[in-house]
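# Observations on the three-dimensional arrangement
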Amino acid sequence: MSGRIREVGGLVAVAMGLATAGNSAALAQQGDLKARLVGGWVLADESLTFPDGRTVKSWGDKPFGYLSFDAGGSFAQILLRSDLPKFQTRTDGTPEQNDAVAKGAIAYFGTYAAKPNENAVAMSIVGSSFATFNGTVSERAIAFASDDQFVMTMRVPNSGVRTDLTWRRAGK
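Cut-offs used in this document
Counting from 1, residues in each chain are numbered in the order their sequence is written. The predicted origin of the model limits local features to residues at a pLDDT of at least 70 and limits the giving and counting of side-chain atom pairs to 80 or more, whereas totals for whole chains, interfaces and linings rest on all residues. Computation of side-chain values: all heavy atoms of the structure, hydrogens and water removed. Only DSSP runs of H or I with at least four residues qualify as helices, and only runs of E with at least two residues qualify as strands; both kinds are numbered from the N terminus onward. Residue exposure (1.4 Å probe, protein chains only): buried if accessible area is under 20% of the type maximum, exposed if over 50%, otherwise partly exposed. It only takes one pair of heavy atoms within 4.5 Å for two residues to be counted as in contact. Whether two strands pair comes down to DSSP finding at least two bridges between them. Among buried residues, the Ala, Val, Leu, Ile, Met, Phe, Trp, Tyr and Cys ones that are joined through side-chain atoms within 4.5 Å form a nonpolar core. Think of a polar contact as two N or O atoms within 3.5 Å of one another; within protein, one of them needs to be a possible hydrogen donor and the other a possible acceptor, and neighboring residues in sequence only count if both atoms come from side chains.

## Brief notes about the environment of Arg 36
Mapped onto the elements, Arg 36 comes out in helix H1 (residues 2–37). Among the residues examined, Arg 36 registers a relative accessible area of 34% and is labelled partly exposed. Considered as a pair, Arg 36 and Phe 144 are 108 residues apart in the sequence and their alpha carbons are 9.0 Å apart. In this view, Arg 36 contacts Trp 41, Phe 144, Ser 146, Asp 147 and Arg 169; residues no more than four positions away in its chain are not counted.

## Details of unusual backbone geometry
Phi at Asn 119 takes a positive value of approximately 50°, unusual for a residue other than glycine. You can see Asn 119 is positioned in the loop between strand E5 (105–115) and strand E6 (120–128). When its relative accessible area of 48% is taken as the criterion, Asn 119 is described as partly exposed. Positive phi, normally seen in glycine, also occurs at Asn 158, with a value near 60°. For Asn 158, the position within the fold is in the loop between strand E8 (149–155) and strand E9 (162–169).

## Topic: the pairing of strand E4 (residues 74–80)
Side chains Phe 75, Gln 77 and Leu 79 of E4 all project onto a buried face; the interleaved residues Ser 74, Ala 76, Ile 78 and Leu 80 project onto a face where none is buried. In terms of strand pairing, strand E3 (residues 64–69) meets E4 through six bridges, oriented antiparallel. Opposite Leu 67, over in E4, you have Gln 77 as the bridge partner. Taking the residues between adjacent antiparallel strands as the criterion, E3 and E4 are bridged by four residues, where Gly 73 takes a positive phi near 100°. Taken together, the seven bridges between E4 and E5 define a ladder with antiparallel strand orientation. Each bridged residue has a counterpart across the sheet, and for Phe 75 the counterpart in E5 is Gly 110.

## A closer look at the nonpolar core
Soluble globular proteins tend to pack their nonpolar side chains together in the buried interior. In this structure, Leu 67, Phe 69, Phe 150, Met 152 and Trp 167 are the most contacted members of the largest nonpolar core, which totals 22 residues. Of all the secondary structure elements, the ones that give two or more residues to this core are H1, strand E1 (39–49), E3, E4, E5, E6, E8 and E9. The element best represented in this core is E5, accounting for four residues. Apart from residues lying up to four places away in sequence, Phe 69 is in contact with Leu 37, Val 38, Gly 39, Trp 41, Ser 74, Phe 75, Tyr 112, Val 121, Met 123, Phe 150 and Met 152.

## Focus on the side chain of Arg 140
By the secondary structure assignment, Arg 140 is in strand E7 (residues 137–146). In this structure the side chain of Arg 140 is engaged in a polar contact, spanning 3.0 Å, whose partner is the side chain of Tyr 108. Leaving out residues up to four positions away in the same chain, Arg 140 has contacts with Gln 77, Tyr 108, Asn 119, Ala 120, Val 121, Met 123, Met 152, Thr 153 and Met 154.

## Description of the pairing of E8
With five bridges joining them, E7 and E8 adopt antiparallel strand pairing. In the sheet register, Ile 142 faces E8, and the bridge partner there is Met 152. What sits between the antiparallel neighbours E7 and E8 is a turn of two residues. Examined bridge by bridge, E8 and E9 share seven bridges and lie antiparallel to one another. The residue bridging Met 154 from the neighbouring strand is Thr 163, located in E9. If you look at the hairpin formed by E8 and E9, you'll find six residues sitting between the two strands, and Asn 158 has a positive phi there, around 60°.

In short, the description is geometric, and any link to function would need to be established separately.
Written as structure tokens, this is what we have:
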């Protein structure tokens, strides 16, 4: 009987080793994508593409943007039109100026998980200047052009619209 127990124990150990090896490979892949994303990124370009093929620059000709991923799994992103109206204090804006700021700026933060098998990242949004995003998860495809540049693509739900954001590593 003790020989049979050793045999079963050996099979369990082999199975656990294979499972661990598989998980290690998956974690290594996730780590590679995550490691490439970690750091600060500056918006280089953006566009919206509609189902009919029409493309527009939704954030204006020279948008500002910053995206940060940390090694602990947190992120923060901000997008701003470069032509936002300027006024003295946050409470001094006219209704038109306030409307332009509300439509020309978005910021959000939360946690993220790299999805290397899909070349994607899942961004769990905790807080956003657009409150509808709060508590949602946004899956975004990632395509690296180099170590210092990638395109993040997301689909706007129920619209057929695709958003492409090109990010360049900050300081490069």
